[in-house]
Amino acid sequence: KGAVASTAGNVIIQGPAGIGKTVLATNLIKAIQVENGKEKSRIGKISAQSLNKRDFATLLEKITGGYLIVEKAGNLSEETVTRMAEVMESETAGLVIVLEDTEEGIANILAMNESFAEKFTEVITVPEFSVDDLVEFGKSYAYEMECVIEEKAENAIGPNVEWMGTGETVDA
C-alpha cells in the first residue's frame, strides 16, 4: 500500500453560529467510521485559535489516519493555512479534516491559499430554520408516525421552539 495524503475528501460544514455544526461533524465522522469499519480511528477537535498556536505536523502525529475537526476555522491564520496545505500533501494515512464555521469565515480562509482550498472537496451548508419551519417539521413527523397533533398542542409548539432557541433556562 502506498502513502496516502489528505489532498481530497476533506469536508467543510458551514452555517450560522450556534446551529450545531460541530455536533453534525462528530456524528458524520462516526457514521463514516462505521461505514468503513474503522470505528477505532481517532477523532480530534481543536479550535482554530488553538491550532494557530501549535505545529500542525506535530499535532497530526497524534491523529494520523483519523479525523480532525477545526472549530471556527475562519480564525485560522494565513501561516497556519499555508502549513496545513503543505502537510496535507505528505503521508497522513488518509487523515480527513473537517472545517466548520460560518459561510463568511470559510470563504475567508479558502481565499488565503488555493492549494488548501482545493483539498476540501465536500461541502455541507446547514441552513438556519425559522420557528415556523421547525413547527412544520414536527407536524410532518407526527403525520408520518400516524399521529395527530391537536390544535391546542400545535399552538403551543411555536412558542416552545422559540424558547428553546434562546438558550435561557426556566425555573419550574
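Located above this text is the structure these notes cover.
The structure presented is a predicted model; accordingly, all values stated were derived computationally and were not measured. (Residues numbered from 1 in each chain as written. Predicted model: local features only at pLDDT ≥ 70, side-chain atom pairs only at ≥ 80, totals over all residues. Heavy atoms only, no water.)

A.B. asks: Help me understand helix H3 (residues 56-63), please; the structure alone is not making it clear to me.
C.D. replies: For an α-helix, 3.6 residues make a turn, and residues three or four places apart therefore share a direction. Of all the residues in H3, the buried ones are Phe 56, Leu 59, Leu 60 and Ile 63. With its buried residues spanning 105° around the axis, H3 presents them on a single face. Taken together, the buried residues of H3 touch strand S2 (43-47), helix H2 (48-52), strand S3 (67-71), helix H4 (78-88) and strand S4 (96-101). Once H3 finishes, Gly 65 follows within two positions and takes phi at roughly 80°, a positive value. (Buried < 20%, exposed > 50% of the residue type's maximum accessible area, 1.4 Å probe, protein only. Helix = DSSP H or I, 4+ residues; strand = E, 2+ residues; numbered from the N terminus. Arc of directions from axis to C-beta. Contact = heavy atoms within 4.5 Å.)

A.B. asks: How should I be thinking about unusual backbone geometry in this particular structure?
C.D. replies: Most peptide bonds take the trans form, and the phi angle of most residues other than glycine is negative. Even without being glycine, Lys 72 reaches a positive phi, approximately 50°. Relative to the assigned elements, Lys 72 resides in the loop between S3 and H4. The exposure class of Lys 72 is exposed, given its relative accessible area of 53%. In this structure, Ala 93 is a non-glycine residue whose phi angle is positive, near 55°.

A.B. asks: What is the right way to read the nonpolar core from this model?
C.D. replies: Side chains of a nonpolar character, in soluble globular proteins, are inclined to be buried together. Counting residues in hydrophobic clusters, the biggest one holds 24 residues, and the most contacted among them are Phe 56, Val 70, Leu 76, Ile 97, Leu 99 and Phe 116. When contributions to this core are tallied by element, the ones reaching two or more residues are H2, H3, S3, H4, S4 and helix H5 (103-110). Apart from the residues lying within four places of it in its own chain, the contact partners of Phe 56 are Leu 51, Leu 68, Arg 83, Met 84, Val 87, Met 88 and Ile 97. Membership of the second largest hydrophobic core comes to nine residues, among which are Ile 13, Ile 69, Val 98 and Val 126. (Core = buried A, V, L, I, M, F, W, Y, C linked by side-chain atoms within 4.5 Å.)

A.B. asks: Teacher, can you tell me more about the pattern of salt bridges here?
C.D. replies: Pairing is possible between side chains of opposite charge, provided their charged atoms come close. For the coordinates displayed, the defined rule picks out four salt bridges. Among the salt bridges present, the one from Lys 21 reaches Glu 100, with a minimum N-O distance of 3.9 Å. One end of the pair, Lys 21, is in helix H1 (residues 21-36); the other, Glu 100, is in strand S4, and 79 residues separate them in sequence. On the basis of relative accessible area, Glu 100 is assigned to the buried category, the value being 6%. Note that Asp 55 is salt-bridged to Arg 83, the shortest N-O span being 3.4 Å. Residue Asp 55 is found in the loop between H2 and H3, and its partner Arg 83 is found in helix H4; the two are separated by 28 residues along the sequence. Accessibility expressed as a relative area gives 33% for Arg 83, which makes it partly exposed. Sharing partners across several salt bridges, the network here consists of Asp 55, Arg 83 and Glu 86. (Salt bridge = Lys/Arg side-chain N within 4 Å of Asp/Glu carboxyl O.)

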